[in-house]
Amino acid sequence: MKDPFPIPPIPALSNAVQPWADYLDLPTLPLHIHEVLIIAVFYEAVRSLVSPVLSRRLFPAQYGALSRTKKLNWDVHVVSLVQSTTINALALWVMFVDDERYQMDWQERLWGYSGGSAMIQALAAGYFVWDLFITAANVNIFGLGMLAHAVSALLVYSFGFRPFVNFYSPVFILWELSSPFLNIHWFFDKLGMTGSRAQLYNGLVLIATFFSCRLVYGTYSSLLVYRDLWSGIHQGPDVLAADKADALPARYAESMKFVTSSSEVPLWLAAIYVGSNLTLNSLNFYWFFKMIEAVRKRFDPKVEGKQEVAEAVKATADGSAAVTTGTDGAFTPRPRRRTILDGEDPDAPPPI
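Residues numbered from 1 in each chain as written. Predicted model: local features only at pLDDT ≥ 70, side-chain atom pairs only at ≥ 80, totals over all residues. Heavy atoms only, no water.

(A) Local environment of the nonpolar core. Leu-110, Trp-130 and Phe-164 are the most contacted members of the largest nonpolar core, which has 63 residues in total. In terms of residues, this core owes the most to one element, helix α7 (residues 115-137), which gives 10 residues. Once residues within four sequence positions are removed from consideration, Leu-110 is found in contact with Pro-163, Phe-164, Val-165, Asp-228, Leu-229, Gly-232 and Val-265. (Core = buried A, V, L, I, M, F, W, Y, C linked by side-chain atoms within 4.5 Å. Buried < 20%, exposed > 50% of the residue type's maximum accessible area, 1.4 Å probe, protein only. Helix = DSSP H or I, 4+ residues; strand = E, 2+ residues; numbered from the N terminus. Contact = heavy atoms within 4.5 Å.)

Have a look at this one:
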């Protein structure tokens, strides 16, 4: 599949990054650097121009009452909502219309190149370029943890320009199918709709998409990429073997055109990729159970009330928090801890 991005590569820009691409062994970067930068500029325009204008018009009371820091947090959530919605739609489109993907063997899935998958990878990298810019410029608000996340995410997506597991870029983007609902949940809180029926329905869809896309489909896809990585560690691409040249599929001429003598799966690259993937998979399971707990607390008063009293009693016994009592000696429990579905504290970073 050819790159479907409507704007072709910009020669001056491609030539400017070519030395860096050669040095870092990222041969497909010059073909997609314009996509990375265009989408990064687009997201900054959404944050600094589109979101403030629309938010003041649609939610004048809520948005107008926010401080500068809270407005930044709101605007960043708008970008996250736009990004997660568009990138998921494009990834699904590429997976359905790119017939070449269905023919790829394990070598093409590791070292092959497809314009559609590479576009998805470039658009994701562009988002993390913007994320790195906005986090670094406001590190006092978002913190060093979010800065480290932006750096590491951009690094991992940059590996795709080798190309490396280009095939899987739209696959793992679909982990973000739950992100639009998470952002909507956050906006329900900020618009005074906490505990509403609409938020309940959105929360149920959030949990369903999170479970199906991250825990089921995501874990299955991770096993597939581990299998391909294992094969790549023990065997290099056949396209480099002269004695196998006559037996290679004709499609290799296009899909494997960026394979060079340095194309392999070094142990350090496999370790970084697998380690990052295992960490994210573990967090997905942890977050899922926290979501279930949060929904029960929010929409089942009995569960929430019992837990608040239990936490208050435990805090008093441990001496870790004071609990006031009324004239009848009953406990007045402290506010419950916030959960992953409660949205952030006023100045905390948004979900990515």
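(B) Fine view of the side chain of Gln-199. With respect to the helices, strands and loops of the structure, Gln-199 is situated in helix α11 (residues 197-234). A polar contact of 3.4 Å, which involves the side chain of Gln-199, links it to the backbone oxygen of His-185. (Polar contact = N/O pair within 3.5 Å; in protein donor to acceptor, adjacent residues only side chain to side chain.)

(C) Broad picture of the packing of aromatic side chains. Using the criterion set out here, one finds 20 aromatic pairs in the structure. One aromatic cluster is present, formed by Phe-42, Tyr-43, Tyr-127, Phe-128, Trp-130 and Tyr-157 through successive ring pairs. The residue whose ring lies beneath Arg-101 is Phe-167, and the NZ or CZ to ring-centre distance is 4.1 Å. (Phe/Tyr/Trp six-rings, centres within 6.5 Å; stacked < 30°, edge-to-face > 60°. Lys NZ or Arg CZ within 6 Å of the ring centre and 35° of its normal.)

(D) Summary view of the pattern of salt bridges. The tally for this structure, following the rule as stated, stands at 10 salt bridges. When the shortest N-O distance is used, the salt bridge between Arg-251 and Asp-105 registers 3.9 Å. Here Asp-105 lies in the loop between α5 (99-103) and α6 (106-111) and Arg-251 lies in the loop between α11 and α12 (252-255), a separation of 146 residues in the sequence. On the accessibility criterion, Arg-251 (29% relative accessible area) is partly exposed. Classification of Asp-105 by relative accessible area gives partly exposed; the value is 22%. Connected via shared salt-bridge partners are Lys-2, Glu-254 and Lys-257. (Salt bridge = Lys/Arg side-chain N within 4 Å of Asp/Glu carboxyl O.)

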